[in-house]
Amino acid sequence: MKYFLAAAVLPLFIGCASKYESIPAQKIPAKKYQYYECNMLENRFEKVIDRAYKLAQIQGVAVTMDRVALASGVLNIVFPFMFMSGGSKDGEIAILKGEVIAIEEAALNKKCVDLYTHIVENRKSAEI
C-alpha cells in the first residue's frame, strides 16, 4: 500500500513546468555589458526579449501539458509519466530575465535614457 501511495503522489513532485511569471531571474552582473554602447545594448535587449517571448509561449504549452498529465494521473498512475512534457525552459528563462535586468542596469549606468525607458515598459508588459 505504501508503494501505491508513493507512486500516486510522485507525479505531483517531478517534471512539472513552472509558469513563466513565477520563474525568478538569475543574477547576471551589469558589468557584463560595461563595454557596450547604447545602440549595442539596444540590439542585445531586442534579441533577449524576442527569445524570452518565444520561451514564454513554449513554457505555457509545457505547463498545460504537465497539468493534463497530472490530471490524468488521478485515473491512471502510469500515463502521467508518459505524457509529461519535458519542455520546461525554466533555466533559460531565468537567465534571460537576468540579462534583461543587467541590460537595464547597464543602460541606466550609461545614461541611455530612451533605452532604459523602453526596457522598463517591456519588463512590465512581459512580466520579466
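Below: a short report on this structure. Here, residues in each chain are numbered from 1, in the same order as that chain's written sequence. Per-residue local features are limited, in this predicted model, to residues with pLDDT of at least 70; the limit for side-chain atom pairs, both in listing and counting, is 80 or more; totals at the level of whole chains, interfaces and linings are taken over all residues. Processing note: side-chain calculations cover all non-hydrogen atoms of the structure and skip hydrogens and water entirely.

Comment: elements are numbered from the N terminus, with helices defined as DSSP H or I runs of at least four residues and strands as E runs of at least two. What the chain contains, in helices and strands, is five helices and zero strands. Mapped from its N terminus to its C terminus, the chain presents α and β elements in the order α-α-α-α-α. Each residue is placed in one exposure class: buried if its accessible area under a 1.4 Å probe, protein chains only, is under 20% of its type's maximum, exposed if it is over 50%, and partly exposed if it falls in between. Among the 128 residues that make up the chain, the fraction classed as buried is 30%. We call two residues contacting when some pair of their heavy atoms lies within 4.5 Å. Expressed as a percentage of contacts within the chain between residues at least 6 apart in sequence, the contacts between residues at least 24 apart total 81%. In short, Shrake-Rupley with a 1.4 Å probe defines the accessible areas, and a residue's cover is counted only from the protein chains shown. Counting every atom, the chain has about 8,200 Å² of accessible surface; 62% of that belongs to carbon and sulfur.

Quick look at the pattern of salt bridges now. Close approach of charged atoms allows side chains with opposite charge to pair. Here a salt bridge means any side-chain nitrogen of Lys or Arg lying within 4 Å of a carboxyl oxygen belonging to Asp or Glu. Applying the stated criterion across every chain, the model contains four salt bridges. With its nearest N and O atoms 3.8 Å apart, the salt bridge here joins Lys32 to Glu99. Taken together, the positions of Lys32 in the loop between helix 1 (2–9) and helix 2 (38–72) and Glu99 in helix 4 (residues 90–109) put the pair 67 residues apart, joining distant regions of the chain. Given the relative accessible area of 46%, Lys32 is considered partly exposed. A relative accessible area of 6% means that Glu99 is categorised as buried. In this structure, the salt-bridge partner of Arg44 is Glu99, at a minimum N-O distance of 2.8 Å. Here Arg44, found in helix 2, pairs with Glu99, found in helix 4; they are 55 residues apart in sequence, far enough to count as distant. By sharing partners, the salt bridges in this structure join Lys32, Arg44 and Glu99 into a single network.

Structural measurements only, silent on function.
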